[in-house]
Amino acid sequence: MIPEPNGPKTIVQSAKDFMNGVLSPLKGKDMGQMVEDFTSEMTLVAEGLSEDQQRLAQENERLSAQQTELEQRLLDGLHDADVAMDEMKREIASLKSRLDKAEKQASDKNAKEKDKKGVTAALRQATWLVAIGAGAWIIVTIINLFK
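The structure presented is a predicted model; accordingly, all values stated were derived computationally and were not measured. (Residues numbered from 1 in each chain as written. Predicted model: local features only at pLDDT ≥ 70, side-chain atom pairs only at ≥ 80, totals over all residues. Heavy atoms only, no water.)

**Some words on the overall build of the chain**
Put simply, the rule reads: The numbering of helices and of strands both runs from the N terminus, where a helix is a DSSP run of H or I of at least 4 residues and a strand a run of E of at least 2. To be clear on the numbers: accessible area is Shrake-Rupley with a 1.4 Å probe, and residue cover counts the displayed protein chains and nothing else.
The number of helices and strands found in the chain is 2 helices and 0 strands. Accessible area for the chain stands at about 13,800 Å²; split by element, carbon and sulfur atoms hold 63% of it.

**Concerning a nonpolar patch on the surface**
Worth spelling out the cut-off: The residues that make up patches have over 30% relative accessible area and no salt bridge, and they are joined within 9 Å when like-charged or within 5 Å when they are Val, Leu, Ile, Met, Phe, Trp or Tyr. By salt bridge we mean one thing: a side-chain nitrogen of Lys or Arg within 4 Å of a carboxyl oxygen of Asp or Glu. Only protein chains enter the accessibility calculation, which uses a 1.4 Å probe; a residue is then buried when its area is under 20% of its type maximum, exposed when over 50%, and partly exposed in between.
Nonpolar side chains collect at one region of the surface, where Trp137, Ile138, Ile142, Leu145 and Phe146 lie side by side and expose about 640 Å² of accessible area between them. Counting through the fold element by element, Ile138 comes out in helix α2 (residues 31-146). The class of Ile138 is partly exposed, set by a relative accessible area of 45%.

**Focus: the pattern of salt bridges**
As enumerated under the stated definition, the model contains 3 salt bridges in all. Residue Arg62 is joined to Glu59 by a salt bridge in which the shortest nitrogen-to-oxygen separation is 2.4 Å. Remark: Glu59 and Arg62 occur in helix α2; sequence separation between them is 3 residues, near one turn of the helix. With relative accessibility at 44%, the residue Arg62 sits in the partly exposed group.

Structure, rendered in C-alpha cells:
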C-alpha cells in the first residue's frame, strides 16, 4: 500500500483544484448565454443526425427494393433455365428415339442385304454348276458323236 503524504485532505484538495482548473475558463462569462449557445449547437447536431438517419433509411429502402428486384430477376432466370432444360431433355429424348429407330432400320437393311447377297451368291453358284454340267454334257455328246 502506498502511504498518503498528508492524508485524505490532499486528495480532496487536488480534486477541487482540478475542477477549478476546468471551470476557470467559464468564470466571468454569462452562464445563460453559454447554455443557450450549447443548446443551439446541440439542436443543430441533433437535426443533422436526424437528417443522416432519414437519408440512411431512404438508402436502406432503395437498396432493399433493388435487392428484391435482383432476387426476382434471378428467380425468373432460374425458372427460364429450368424450362429450357426441360425442353432440351425432351428434345434429347426425341433425338435418342429417332436415332434408335434409324439404327434399327439400318440393321434391318443390312440383314436384308446379307440375305440378298446370300441368295445372289447361291444363284451365281448354281448358274456355274449348271454351266459346267451343260458344258460337260456337250463335250460328252461330241465325243459320243465321233465314236
